[in-house]
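For reference, the chains in residue letters:
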Amino acid sequence: LTVHLCGLELAHPIVNASGTFDLIAADAAFGESLRTDFPFAAFVSKTITLEPRHGNPPPRLWESPAGLINSIGLPNKGLAGYLAEDLPALTALLAGIGTHAPVPLITNVMGSTAAEIGQLLGACEERAEIAAVELNVSCPNVSTGLDIGADPALLRAVLREVRPALSKPLIVKLTPNTADVAACAQAAEEGGADAVSLINTLRAMALAPSAGARSSADLRGAARSRADTAPRPAGSEPVGVPWLGGTTGGLSGPAIRPVALAQVAAVAARVSLPVIGMGGVQSSRHAQDLLDVGATLVAIGSESFRDPAAGARIARGL
Amino acid sequence: VSARAGSTADEPGDRAVDAKARMRVQAPASRRRLTVVGRQELGPYRVLRLADPDGPVPQPGQFAMLAAVQEWGGGADERPYLPRAFSIARWRGGEADYLLEDVGPGTHRLCELQAGEEVWVLGPLGNGFALPDSGRRAILVGGGVGIAPLAILQDVLAQRQPTTDPSPNDSSTTPAEPSTTPADSSTTPAEPSTTPADSSTTPAEPSTTPADSSTTPAEPSTTPANPSTDDGFTVLLGFRDGARAEGAALLDGARVATDDGSVGHDGLVTDLLAEELDRGDAGAGAGQQPPTVYACGPAPMLEAVRALCTARQVPAQLALESGMACGFGACFGCVVPRRGGGYLRVCLDGPVIDAAMLDSVDAHAGAPA
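What counts and how
Residues numbered from 1 in each chain as written. Chains lettered and ligands numbered in written order. Predicted model: local features only at pLDDT ≥ 70, side-chain atom pairs only at ≥ 80, totals over all residues. Heavy atoms only, no water. Core = buried A, V, L, I, M, F, W, Y, C linked by side-chain atoms within 4.5 Å. Buried < 20%, exposed > 50% of the residue type's maximum accessible area, 1.4 Å probe, protein only. Helix = DSSP H or I, 4+ residues; strand = E, 2+ residues; numbered from the N terminus. Contact = heavy atoms within 4.5 Å. Salt bridge = Lys/Arg side-chain N within 4 Å of Asp/Glu carboxyl O. Buried area = accessible area lost by both parts, 1.4 Å probe. Polar contact = N/O pair within 3.5 Å; in protein donor to acceptor, adjacent residues only side chain to side chain. Expected span 1.5 Å × (residues − 1). Arc of directions from axis to C-beta. Axes fitted to C-alpha atoms, helices over the stretch in contact; angles between N-to-C directions. Parallel < 35°, antiparallel > 145°, perpendicular 65-115°, else oblique. Left-handed = near helix turned anticlockwise from the far one by under 90°. Nonpolar A, V, L, I, M, F, W, Y, C, P; charged D, E, K, R; others polar. pLDDT = per-residue confidence, 0-100. Pairing = 2+ DSSP bridges. Disulfide = S-S within 2.5 Å.

### So, the nonpolar core
So, step 1. Counting 128 residues, the largest nonpolar core has Phe30 and Leu174 of chain A together with Val141, Leu273, Val293, Leu318 and Phe328 of chain B as the members making the most contacts within it.
So, step 2. Looking at which element gives the most residues to this core, the answer is helix α3 (residues 78-95) of chain A, with seven residues.
So, step 3. The contacts of Leu318 of chain B, once residues within four sequence positions are left out, are Ala295, Leu302, Val305, Arg306, Pro351, Val352, Ile353, Ala355, Leu358 and Val361 of chain B.
So, step 4. In terms of nonpolar packing, the next biggest core, distinct from the first, is built from 32 residues, Ala89, Phe129, Ala148 and Tyr294 of chain B among them.

### A word on the pattern of salt bridges
One side chain can pair with another of opposite charge once the charged atoms of both are near each other.
So, step 1. Evaluation of the coordinates by the stated rule reveals 36 salt bridges over all chains.
So, step 2. Where Asp37 of chain A meets Arg316 of chain A, a salt bridge forms, and the shortest distance between an N and an O atom there is 3.1 Å. Within this pair, whereas Asp37 of chain A is found in the loop between α2 (32-36) and β4 (43-48), its partner Arg316 of chain A is found in helix α11 (residues 310-316), the two being separated by 279 residues in sequence.
So, step 3. One salt bridge in this structure joins Arg306 of chain A and Glu303 of chain A, with 3.0 Å as the shortest N-O distance. Residue Arg306 of chain A and its partner Glu303 of chain A are both found in helix α10 (residues 302-306); the two are separated by three residues, about one turn of the helix.
So, step 4. You can call Arg306 of chain A buried: its relative accessible area is 17%.
So, step 5. Each of Arg137, Arg255, Glu275, Glu276 and Arg279 of chain B takes part in salt bridges that share partners, so that together they form one network.

### A word on the interface of chain B and chain A
How big an interface is tends to be stated in terms of accessible area lost as the parts join.
So, step 1. Between chain B and chain A, the residue contacts involve 66 residues of the former and 60 residues of the latter.
So, step 2. Buried surface at the junction of chain B and chain A, both sides included, amounts to about 5,200 Å², of which 59% is carbon and sulfur.
So, step 3. When the buried surface of chain B facing chain A is broken down by residue, Ala29, Tyr81 and Phe328 of chain B rank first, second and third, together holding 15% of it.
So, step 4. Across the chain B-chain A interface, the total number found is four salt bridges.
So, step 5. Glu63 of chain A serves as the salt-bridge partner of Arg84 of chain B, at 2.8 Å between the closest nitrogen and oxygen.
So, step 6. Here chain B and chain A share twelve residue pairs in polar contact (both at pLDDT 80 or more) between them.

### A look at unusual backbone geometry
So, step 1. Ile199 of chain A follows Leu198 of chain A through a cis peptide bond whose omega is 10°.
So, step 2. Note on placement: Ile199 of chain A falls in the loop between β10 (195-198) and β11 (202-204).
So, step 3. In this chain, Arg79 of chain B is followed by Pro80 of chain B through a cis amide linkage whose omega measures 0°.
So, step 4. Secondary-structure assignment places Pro80 of chain B in the loop between β5 (63-68) and β6 (84-87).
So, step 5. Although it is not a glycine, Thr247 of chain A adopts a positive phi angle of roughly 70°.

### Focus: helix α8 (residues 257-270) of chain A
Side chains that are three or four residues apart share a direction in an α-helix, a result of its 3.6 residues per turn.
Residues and elements named next belong to chain A.
So, step 1. Relative to the 20 Å expected for 14 residues at 1.5 Å per residue, α8 spans 20 Å between its end C-alpha atoms, a close match to the ideal helical length.
So, step 2. Listing the buried residues of α8 in full gives Ala260, Gln263, Val264 and Val267. Buried residues of α8 fall within an arc of 100° about the axis and therefore sit on the same side. Facing away from the buried surface of α8 by more than 90 degrees, the exposed residues are Pro258 and Ala269.
So, step 3. Packing partners of the buried residues in α8 comprise α6 (181-191), β10, β13 (275-278) and α9 (284-292).

### Some remarks on the packing of α6 of chain A against α8 of chain A
All names here are of chain A.
So, step 1. Packing of α6 against α8 brings their axes to within 8 Å, and their N-to-C directions diverge by 40°. Taken together, the axes of α6 and α8 lie oblique to each other. The hand of the α6/α8 crossing is right-handed. Contact residues: α6 offers Val181, Ala182, Ala183, Ala185 and Gln186, while α8 offers Gln263, Ala266, Val267 and Arg270.
So, step 2. Classifying every residue of the contact of α6 with α8 by side-chain character gives six nonpolar, two polar and one charged.

### Thoughts on the confidence of the model for chain A
So, step 1. When pLDDT is averaged along chain A, the result is 91, and 91% of the positions lie at 70 or above.
So, step 2. Low pLDDT, under 50, characterises residues 213-232 of chain A; the predicted model gives this stretch 48 contacts beyond four residues in sequence or across chains.

### Topic: the pairing of strand β5 (residues 61-64) of chain A
A regular strand places its side chains so that they alternate between the two faces of the sheet.
Residues and elements named next belong to chain A.
So, step 1. The side-chain alternation of β5 yields two buried faces, one formed by Leu61 and Glu63 and the other by Trp62 and Ser64.
So, step 2. Across four bridges, the pairing between β5 and strand β6 (residues 67-70) is antiparallel. Following the sheet pairing, Ser64 is matched in β6 by Gly67.
So, step 3. Hairpin connection of β5 to β6: two residues between the antiparallel strands, including Ala66 at a positive phi of 50°.

### Side note on the pairing of strand β9 (residues 118-125) of chain B
Residues and elements named next belong to chain B.
So, step 1. Among the eight residues of β9, six are classified as buried, and the element is accordingly described as predominantly covered.
So, step 2. Across four bridges, strand β3 (residues 32-42) lies against β9 in antiparallel orientation. What sits directly across from Leu34, in β9, is Val119.
So, step 3. Sheet topology places β5 next to β9; five bridges connect them, and they run antiparallel. Note on β9: the bridge partner recorded for Ala68 is Val119.

### Details of the sheet that holds β6 of chain B
Residue and element names in this part refer to chain B.
So, step 1. Across the sheet, seven strands lie side by side as β6-β5-β9-β3-β4-β8-β7; this open sheet has antiparallel pairing. Each of the sheet's edge strands pairs with one partner strand only, and the pair in question is β6 and β7 (90-92). Geometrically, the sheet is characterised by an average inter-axis angle of 40° between neighbouring strands, direction not taken into account.

### Description of the state of the cysteines
Residues and elements named next belong to chain B.
So, step 1. Summed over all chains, the structure comprises zero disulfides over all chains.
So, step 2. In this structure Cys331 is a free cysteine whose sulfur lies 4.0 Å from that of Cys326, the closest cysteine sulfur available.
So, step 3. Residue class for Cys331 comes out buried when judged on its relative accessible area of 4%.
So, step 4. Just so you know, Cys347 is unpaired, no disulfide at all, and the nearest cysteine sulfur is the one on Cys334, 3.8 Å from it.
So, step 5. Among the residues examined, Cys347 registers a relative accessible area of 2% and is labelled buried.

Structure, rendered in structure tokens:
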């Protein structure tokens, strides 16, 4: 099952989607048990930004039909914190996993300008522990408000500007929230990307449940204020209020799997770059579908939430 | 067992989220397929008993992610999709009890399960309660279905008691099995040197409730109630109404409050807590340590507990609830605001969090789970 991606040799084609597996946290939760049957052939970090971010205010999650809407907001320690704290910790953990060679570390970064992105890539260039960089381009351009990755011309221009800062493989994580994802993939190729990954989450929204629906959930049990049981005046309840603290979020899970298959197929048909496919994969069959339409690797995201060993199970079944 | 003091903190430059090391038993890094071996009704609640012969012995306050193996999905609004987090309510002889209330598609499906059906379980997860230092009284405060982690805590506290209780020594019902846990970690000075024989204070079994289900293995129903106030811990439980107050049978010797006044104190459980704390203040001799409060329940109750304890400088450990997708720090969805800025992940930094770490406890439950 050994596969090659941009010069990296991987034991199998299954990796994690950025932001869906915190290796440091998982080590605290599972310890040795995680290392003995590690689910991923390469590990992709969550998105690192130049400055630290606390992330979005809660609520951050909404369970939707066969899926999940998240509005996490890319919490991270910032580039300096990542390099000083997380990178050594991740490197040590990954060194203890590989049977032959350490599991490669792919660092995911995001910036809102070419200058920011260039700075992030330059920092990754200097750290030998980082095998490759994945660039999250689902970030609004500061002047236009459009996601950099949603506009092929902008994406091509930004990549051409930042590409010289990195000699390591550069993977561009495309956004699905665009008119023509294949055109964006082609722009990434022309801008100097070594691989593309898709799909990121689909923009989505949920409204706060009515007070009637809420009462049985967050007022479960007892010991609440008796005032809560008093009937509310008719019409006093606000409607149309977004549930997520970030207003909108990203949809993931099996609900998006057919969309992912279509977009991965379209991109693989358009570009000659290796493609990392992802979106709602829950089984080896789903992973094989993405490989069959041209993906080189398959990433597991939300399914790891349901079972941290999902990646290992899926890899074994291929 | 490992004691972790905030080593998973995600806040920039912060390496010490929690001043007090908490006990965490690590889980196998894969969900386990377990069989339902018993279910019991306690008013509107269900006690789901799962055989978990290979599972690690949990620490009180830890939780697990549960999902039915069959028919998980396709319920209301085509949910559930994600597993649901539940405190481990009891652990005895390789069997785990979970307390459920049917409030949404996930809990509804789990409440339907019958003996012989199967459940995916990932756990134990999170940081549990830090047991009180010797000489400190514990006050356990629970509300509604949130009483669950206090049951296993009571089991462990009861085992720490001096063996002066006249109840029969029946090691077969020893809860929480602390003797099989490497609990002699130097990071937990108050940890018991409890031996397997030191089980004379066996707490009341759930079968003492009149709503006993025939599928629940028979347990001795003659176990005497633990006198609560004089031997180290006090149990205060609040419920919305009399039917839910049947859940109090999960613990032993509890004082009960109901919102509708139908059982016990007519009012809030925090009324009882204030009474306990203020009586303790009045009666405490010089040099006597204040009690430690252990609380789990709905957010408004926890906020009231936090405020009461903060005002009296009584340490409180709050077991929080939050919607979460994973339970092991991956999704970053379950955060609560941390005092001083930033967020704590309930699944990783908690679910048991020192009240001093929070400015307030806010409710933000989502759609019925």
